[in-house]
Amino acid sequence: MRRRAFLFTLTAVIVTMTYLLGKAYLHEADPGQMQTFPTKVTLKFTYWGSIEEKRAIERALTEFTEAYPWIAVEPVHFPNSDYNTKMMAMSASNEDPDLAYMTTELGEMFSRENKFLNLFDFLAEDEERKKDDFLDYIWYKSAEDYAWGVSTAAECFGLYYRKDLLEQAGVQAPSPSAEQAWNWDQLIDAAKKLTLDNQGRNAYDPDFDNNHIARYGIMFETWSDPLNNFIFSNGGDWVSPDQKRFALQSPEAAEAIQRLADLINVHHVAPSPYESKSLPAMSMALQAGLAAMIVDGQWINLDLGKAKVDFDIGVLPKLKKSVTVGLSGATVIFRSSDHPKEAWLLYKWLSDPSKSLSLYSDGLWMPVLKKWYTDPALVGKWVHANPAAHPPGFKEAMMKQLLNNGMPSVGYYLQNQMEIFPEVTQGLLPVWQGEKKAETALQEIADKVSVLYSQK
């Protein structure tokens, strides 16, 4: 009996100590969360990105699980090019993740199928975050009171350039100031001086061989948002202001696209999409000196900073006004998730630079929280902490430009993106190849996709 009493007492002491230690441990990790998260849960999180981005996300997830030890995260990384295909396959197999990156076109389609929870509902119950804490444009909405997604980060475009290559060519660097943005003629002039054939002759030389170009003066991609920097700059858009008519065939949009195509086919200072297939990704082309300038998004600061490239950033050339497109893939919480509150905690963690500072200071993301742009002390933590990823022009050409002259990507408001984007991409190929004028191609595209708006 005495032995049984001793064992009973010892067991009671162990149970009590385990409870108290567990309570103290949970309280230390995150006060007030013990009752909300009493048991271990696992979140599946899908995302895309470069090798450096994958490493950055993995570090942030490790820090998250250290802070919330009852939440495990199963990260699933897919290449950008296969992401939509992989996500559609998972969804078809009823294997949706809890939290996910989402392309705007697939997100818009899935939102029509009611696959996502309303993120405004989480904000309404959150004691730490309010809608006013965030930048205004970042919500993906199916209705004014329903946000199916939110920007994973704030992102925008700038004119990246190799400082040494511009100096060698005697080209004055583009200004980071919107008030001093290059006009189109200044862009052409700089790009011609920087483009070299395999004999070292630039595009001004009468003997320049445009069939054997060794270095392009400028490179740009032809998916929607790189083009929109110049479509918006010229006063164009994809839809009418009331969102009821397709409008990419407008004179303003056609002129912007034609000017970009002329960089390829008239001035011979940029590669066509076909020629780009034989070149590395634009950030790699800049590193290797295969391009002197590129139009790209601030996410490449991560790779350029890690590679210690001698680069800087100017504001984009303008047509009528100086703008940059504000964009980002969406982050969503699937309706099928068994752990939506924990998924929201993970999004909050990733979106708060104070919790995942390396994602921002290393150049991958810009914050979605306003105070990280307006509080000098906070700006210093992510911008000034890593000069390799945030060169001198960044603060004005990207951070300030986004706040003052940013225009939301069409991903935030264009309907039927899964149907429209492929038609536009395919329809513009003859323009990039110099086989058709932009005005003609865009009208043909409009004839095909306008029916999607006439049904509204």
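Thresholds, definitions, all that
Residues numbered from 1 in each chain as written. Predicted model: local features only at pLDDT ≥ 70, side-chain atom pairs only at ≥ 80, totals over all residues. Heavy atoms only, no water. Helix = DSSP H or I, 4+ residues; strand = E, 2+ residues; numbered from the N terminus. Rg over C-alpha atoms; globule rule 2.2 N^0.38 Å. Contact = heavy atoms within 4.5 Å. Areas by Shrake-Rupley, 256 points an atom, 1.4 Å probe, with all protein chains shown as cover. Lys, Arg positive; Asp, Glu negative; His and termini not counted. Charge placed at Lys NZ, Arg CZ, Asp CG, Glu CD. Phe/Tyr/Trp six-rings, centres within 6.5 Å; stacked < 30°, edge-to-face > 60°. Buried < 20%, exposed > 50% of the residue type's maximum accessible area, 1.4 Å probe, protein only. Lys NZ or Arg CZ within 6 Å of the ring centre and 35° of its normal. Pairing = 2+ DSSP bridges. Axes fitted to C-alpha atoms, helices over the stretch in contact; angles between N-to-C directions. Salt bridge = Lys/Arg side-chain N within 4 Å of Asp/Glu carboxyl O. Polar contact = N/O pair within 3.5 Å; in protein donor to acceptor, adjacent residues only side chain to side chain.

**Things to note about the overall build of the protein chain**
Part 1 of the reasoning: When helices and strands are counted, the protein chain shows 20 helices and 13 strands.
Part 2 of the reasoning: The globule rule puts the C-alpha radius of gyration for 456 residues at 23 Å, and the 25 Å found for the protein chain is close to it.
Part 3 of the reasoning: Along the three orthogonal principal directions, the C-alpha set of the protein chain runs to about 105 × 55 × 35 Å.
Part 4 of the reasoning: A sequence separation of at least 24 residues applies to 72% of the contacts in the protein chain between residues at least 6 apart.
Part 5 of the reasoning: A total of about 20800 Å² of accessible surface is found on the protein chain, and carbon and sulfur atoms cover 51% of it.
Part 6 of the reasoning: Averaging the locations of the 44 positively and 59 negatively charged side chains of the protein chain gives two centres separated by 5 Å.

**Quick notes on the packing of aromatic side chains**
Part 1 of the reasoning: Within this structure, the stated rule accounts for 30 aromatic pairs.
Part 2 of the reasoning: Ring centres 4.9 Å apart and planes at 75° place the aromatic pair Trp48 and Tyr101 in the edge-to-face group. In this pair, Trp48 is assigned in the loop between β1 (41–47) and α2 (51–67) and Tyr101 in strand β3 (residues 99–102), connecting sequence segments 53 residues apart. Both residues of the pair, Trp48 and Tyr101, count as buried.
Part 3 of the reasoning: Put simply, the rings of Phe110, Phe116, Tyr137, Tyr140, Trp148, Phe334 and Tyr412 touch in pairs and so form one group of aromatic residues.
Part 4 of the reasoning: Stacked on the ring of Phe110, the Lys or Arg Lys115 has its end atom at 5.2 Å from the ring centre.

**Some points on helix α4 (residues 104–112)**
Part 1 of the reasoning: α4 sits mainly inside the fold: seven of its nine residues count as buried.
Part 2 of the reasoning: Of the positions making up α4, those classed as buried are Thr104, Leu106, Gly107, Glu108, Met109, Phe110 and Ser111.
Part 3 of the reasoning: One or two positions beyond α4, positive phi appears at Asn114, with a value near 60°.

**A short note on unusual backbone geometry**
Part 1 of the reasoning: Phi is positive for Asn94, which is not a glycine, with a value near 55°.
Part 2 of the reasoning: Mapped onto the fold, Asn94 is located in the loop between α3 (83–92) and β3.
Part 3 of the reasoning: On the basis of relative accessible area, Asn94 is assigned to the exposed category, the value being 72%.
Part 4 of the reasoning: Its identity as a non-glycine residue notwithstanding, Gln243 has a phi of 65°, on the positive side.
Part 5 of the reasoning: Its place among the elements puts Gln243 in the loop between α8 (224–233) and α9 (251–265).
Part 6 of the reasoning: Classification of Gln243 as partly exposed rests on a relative accessible area of 25%.

**Quick notes on the sheet that holds strand β6 (residues 157–162)**
Part 1 of the reasoning: Strand order in the open sheet made by the three strands is β9-β6-β10, with antiparallel pairing throughout. This sheet does not close on itself; its edge strands, each paired only once, are β9 (293–297) and β10 (311–314). Ignoring strand direction, the axes of neighbouring strands in this sheet form an average angle of 35°.
Part 2 of the reasoning: When β6 meets β10, the two strands line up antiparallel, connected through four bridges. In the sheet register, Tyr160 faces β10, and the bridge partner there is Ile313.
Part 3 of the reasoning: Strand contacts of helix α17 (residues 394–405): β6, β9 and β10, with the helix running at about 45° to β10, the strand carrying the most contacts.

**Details of the sheet that holds strand β5 (residues 146–151)**
Part 1 of the reasoning: The sheet built from six strands is open, its strands ordered β2-β1-β3-β12-β5-β4 with mixed pairing. The outermost strands of the open sheet, each flanked by one partner alone, are β2 (71–77) and β4 (139–143). Here the strands of the sheet are splayed against their neighbours by 25° on average, with no regard to which way each runs.
Part 2 of the reasoning: Pairing of β4 with β5, which is carried by four bridges, proceeds in the antiparallel orientation. Looking at the pairing, Lys141 lines up with Ala147 of β5.

**Topic: the pattern of salt bridges**
Part 1 of the reasoning: This model, assessed by the stated rule, comprises 19 salt bridges.
Part 2 of the reasoning: The partner of Asp126 in a salt bridge is Lys348, and the shortest N-O contact between them spans 2.9 Å. In this pair, Asp126 sits in the loop between α5 (119–125) and β4 while Lys348 sits in helix α13 (residues 340–351), placing the two residues 222 residues apart along the sequence. Lys348 shares its class with Asp126; the two are buried.
Part 3 of the reasoning: Taking the shortest distance from any N to any O, the salt bridge between Arg129 and Asp352 comes out at 2.8 Å. Residue Arg129 is found in the loop between α5 and β4, and its partner Asp352 is found in the loop between α13 and α14 (357–361); the two are separated by 223 residues along the sequence. Across this residue pair, the class does not change: Arg129 and Asp352 are buried.

**Description of the side chain of Glu52**
Part 1 of the reasoning: Mapped onto the secondary structure, Glu52 falls in helix α2.
Part 2 of the reasoning: Side chain to side chain, Glu52 and Arg55 meet in a polar contact 3.1 Å long.
Part 3 of the reasoning: Apart from residues lying up to four places away in sequence, Glu52 is in contact with Leu302, Asp303 and Lys306.

**What to know about α8**
Part 1 of the reasoning: Across the ten residues of α8, ten count as buried, placing the element largely inside the fold.
Part 2 of the reasoning: Those residues of α8 that fall on the buried side of the exposure criterion are Ser224, Asp225, Pro226, Leu227, Asn228, Asn229, Phe230, Ile231, Phe232 and Ser233.
Part 3 of the reasoning: Phi for Gly235, located one or two positions after α8, is positive at around 90°.

**Digging into the side chain of Thr324**
Part 1 of the reasoning: Residue position: Thr324 is located in strand β11 (residues 324–326).
Part 2 of the reasoning: Thr324 sits in the buried class, given a relative accessible area of 1%.
Part 3 of the reasoning: One polar contact links the side chain of Thr324 to the main-chain carbonyl oxygen of Phe157, over a distance of 2.8 Å.
Part 4 of the reasoning: Setting aside its immediate chain neighbours within four residues, Thr324 contacts Cys156, Phe157, Asn229, Leu316, Gln401, Leu402, Asn405, Gly406 and Met407.

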